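# Chain and residue survey
The primary structure of each chain is shown beneath.
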Amino acid sequence: MYKYLQVGKIVNTFGLKGEVKIIPLTDEIDRFGQIDYVLLEDDLSTKLSIQSFRQQGNIVIVKFNEINTIDDAQKLKNRYLVVEREKAKKLPENTFFICEIIGLKVYELNGRYLGNITDVIQTGSNDVYVINGEKKEILIPALKNIVSEVNIEEGYMKIKLIEGLIDEF
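A short tour of the structure in this document, coming up. (Residues numbered from 1 in each chain as written. Predicted model: local features only at pLDDT ≥ 70, side-chain atom pairs only at ≥ 80, totals over all residues. Heavy atoms only, no water.)

A word on the pairing of strand β11 (residues 147-151). As defined by bridge partners, β11 adjoins strand β12 (residues 156-159) across 4 bridges and the pair is classed as antiparallel. Residue E149 lies in a different strand from β12, and its bridge partner there is K158. The loop that links β11 with its antiparallel partner β12 comprises 4 residues; one of these, G155, has a positive phi angle of about 80 degrees. (Pairing = 2+ DSSP bridges. Helix = DSSP H or I, 4+ residues; strand = E, 2+ residues; numbered from the N terminus.)

Laid out in structure tokens, this is it:
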């Protein structure tokens, strides 16, 4: 299990007073207003407390208490922000962070191994799991009638294939 979860990537500075533009890596932008602080992924000893934030399109503008100049903000460019796992939002039952899903081994209910999940595509209506099969890539919708079991601790997912979902591989 991951000890830290990425919540954003700093992509640029904003203004002269140390604000930064962040691409959020969370579904809920308001989480930036509920987090006391974030850490730099490449330097976990650097704690940045959030003074204020606002959304601008698909970008979040954040002002950290510790960053007060454009020069200081520039040093953060292209760095990832993380939170400690225990401070992350509690998810509803049978809901998982994408980072927990990626890497799972996928099996049919009959035990046949299909491959490992290499990516999760977020379509808006439902996620789609990208499975790297032995011969080709397989796309499986993350639907309750298809995904029968997810076991994060043991690293696998069991799915029920319905006719026409995938070609034989």
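Before going further, it helps to spend a moment on the packing of aromatic side chains. For the structure on display, the rule yields 2 aromatic pairs. Cation over ring: K47 sits above Y37, and NZ or CZ is 4.2 Å from the ring centre. (Phe/Tyr/Trp six-rings, centres within 6.5 Å; stacked < 30°, edge-to-face > 60°. Lys NZ or Arg CZ within 6 Å of the ring centre and 35° of its normal.)

Attention now moves to the nonpolar core. Core analysis: the largest hydrophobic core is formed by 22 residues, its most contacted members being I22, V38, F64 and L81. Secondary-structure elements contributing two or more residues to this core are β1 (4-14), β2 (19-24), β3 (37-40), β4 (43-56), β5 (59-64) and β6 (80-84). Counting residues in each nonpolar core, the second largest holds 15 residues, with I101, L114, M157 and I159 among its members. (Core = buried A, V, L, I, M, F, W, Y, C linked by side-chain atoms within 4.5 Å. Buried < 20%, exposed > 50% of the residue type's maximum accessible area, 1.4 Å probe, protein only.)

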